[in-house]
Amino acid sequence: MFDLPALLTWDVCYTGTVPCDSFTVTCLYTAEMEPVLRQAAGFTLMDGEAVLLRGIVDEYEIRQTEEGLSALVAGRGYAARLLDNEARAAAYQGATLEEIVRNHVTPYGIPCDKTASLSSGGEMYTVAAGSSQWKALEDFCRTYGNFTPSFDRFGRLWADKEKTGKTFEITDLTDVLSLVKREDHYGVLSEILVIDKTRNQTYSVRNEEWIARGGQCRRVLYTPGQSTWAKMRYTGEYQIAKSKEDEISVEVTLAGGFLAFPGDLAVLKLARMGLTGTYRVVEARTRADGGGESVTLTLREK
């Protein structure tokens, strides 16, 4: 364990999923740090006794400028351990999520804080050659549980439905540095046509709300053979739901650092903008330099 000198700047981005959490920090540098940085593999950002982020080190730089010597350290959260490791091709008959976690997560030193009671039932679940360990886990959770697993800032996996954190308010009295609400219809699907090529069966899932508003954007998706009707329906519903996730977003920058994390709920009460409602934090990015700290939150409708 090696303690870096006091940080000069930091840029820490929390997503809780993929793309994974990331960090870049700088500090004053002395020659004694060079062998330490060369061997560095893990990184923990602390605020007193509180852990702000656990991750892996991807790179470091040593700099000499007119301002003196400094070091930069950058890396990602623990989701990177699963993204960076390729899984062997496998076929599971009646697999459980506990089994998937045991085979594709635990070997990489990642603790699992919560595992849903989930099974593929009588279906065969396959992990294709070339898939990452993350894909092996995520595809299982999406297919049989309709959720995406996530990580907390301590590096623990949450393999269950969305985890909700604290709830906080953003009002006209809050120290808001900037705020942008965006509604983007590009990519919102009106229909998914799911086709089982082996049995030549099709299943159509329609986004009736978007169709009623005049939206037209169809996709054709081919699934592995012997897909059940339930699985074909879920595949279409998931793709449509996924396409709508980014339709409405709010990006707000507040004075201060580490004020919220993915999974927290923000209640907006902004009368001047006519913006109200409950939103979930999907990304939180804290930056700091000589001018102080700020946090930029990306919010989606709950």
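Structure shown above.
Because the structure is predicted, anything quoted here is derived from the model rather than measured.

Scoring rules and cut-offs
- Residues numbered from 1 in each chain as written.
- Predicted model: local features only at pLDDT ≥ 70, side-chain atom pairs only at ≥ 80, totals over all residues.
- Heavy atoms only, no water.
- Helix = DSSP H or I, 4+ residues; strand = E, 2+ residues; numbered from the N terminus.
- Contact = heavy atoms within 4.5 Å.
- Pairing = 2+ DSSP bridges.
- Expected span 1.5 Å × (residues − 1).
- Buried < 20%, exposed > 50% of the residue type's maximum accessible area, 1.4 Å probe, protein only.
- Arc of directions from axis to C-beta.
- Salt bridge = Lys/Arg side-chain N within 4 Å of Asp/Glu carboxyl O.
- Lys, Arg positive; Asp, Glu negative; His and termini not counted.
- Core = buried A, V, L, I, M, F, W, Y, C linked by side-chain atoms within 4.5 Å.
- Axes fitted to C-alpha atoms, helices over the stretch in contact; angles between N-to-C directions.

A. Region of interest: the environment of threonine 171. When you line up the elements, threonine 171 lands in strand β11 (residues 167–171). Those residues in contact with threonine 171 that lie beyond four places of it in its chain are Lys269 and Leu270.

B. Main features of the pairing of strand β2 (residues 22–28). Here strand β1 (residues 7–14) runs beside β2; their pairing, made up of six bridges, is antiparallel. Looking at the pairing, valine 12 lines up with phenylalanine 23 of β2.

C. Seen up close, the sheet that holds strand β9 (residues 150–151). The three strands lie next to each other as β7-β10-β9, forming an open sheet whose pairing is mixed. A single partner strand is all that each edge strand has here, and the edge strands are β7 (112–115) and β9. Two strands pair when backbone bridges link them, and β7 and strand β10 (residues 157–159) are joined in this way by three bridges, in the parallel orientation. Residue pairing across strands places cysteine 112 opposite leucine 157, the latter belonging to β10.

D. Region of interest: helix α4 (residues 133–145). For α4, spanning 13 residues, the distance from its first C-alpha to its last is 18 Å, which sits close to the expected 18 Å at 1.5 Å a residue. Here α4 has its buried residues at Gln133, Trp134, Ala136, Leu137, Glu138, Phe140, Cys141, Tyr144 and Gly145.

E. Highlighting helix α3 (residues 97–104). The complete set of buried residues in α3 reads Leu97, Ile100, Val101 and His104. End-on view of α3: buried residues confined to an arc of 100°, all on one side of the axis. Where α3 is buried, its residues touch α2 (79–83), β6 (90–93), β7, β8 (124–127), α4 and β10.

F. Expanded view of the pattern of salt bridges. This structure, assessed with the given rule, holds 15 salt bridges. With a closest N to O distance of 2.7 Å, aspartate 84 and arginine 76 form a salt bridge. A relative accessible area of 22% means that arginine 76 is categorised as partly exposed. Of the charged contacts in the structure, one is a salt bridge between aspartate 152 and arginine 156, with a shortest N-O distance of 2.7 Å. Given a relative accessible area of 17%, aspartate 152 falls into the buried group. Arginine 156 sits in the partly exposed class, given a relative accessible area of 29%.

G. Structural view of the side chain of arginine 280. Structurally, arginine 280 is set in strand β18 (residues 275–289). Despite being buried, arginine 280 has no salt bridge partner; glutamate 162 is the closest side chain of opposite charge, sitting 4.1 Å away. Contacts of arginine 280, omitting those with residues within four sequence positions, involve Glu162, Glu245, Asp264, Leu265, Thr298, Leu299, Arg300, Glu301 and Lys302.

H. The arrangement of the nonpolar core in detail. Residues Tyr14, Ile170, Leu268, Leu297 and Leu299 are the most contacted members of the largest nonpolar core, which totals 34 residues. The dominant element in this core, judged by the number of residues it contributes, is β18, at four residues. Setting aside residues no more than four positions away along its own chain, isoleucine 170 makes contact with Val176, Val252, Leu254, Ala266, Val267, Leu268, Lys269 and Leu270. Residues Tyr78, Ala95, Val101 and Leu118 belong to the second largest nonpolar core, which totals 28 residues.

I. Structural context of the sheet that holds strand β15 (residues 218–223). An order of β14-β13-β15 is seen for the three strands of this open sheet, with the pairing classed as mixed. The open sheet has two free edges, formed respectively by β14 (201–206) and β15, since each of these has just one partner strand. With strand direction ignored, the average angle separating the axes of adjacent strands in the sheet is 20°. Of the strand pairs in this sheet, strand β13 (residues 191–196) and β15 are connected by six bridges, and their pairing is parallel. From the neighbouring strand, isoleucine 195 faces β15, where its bridge partner is tyrosine 222.

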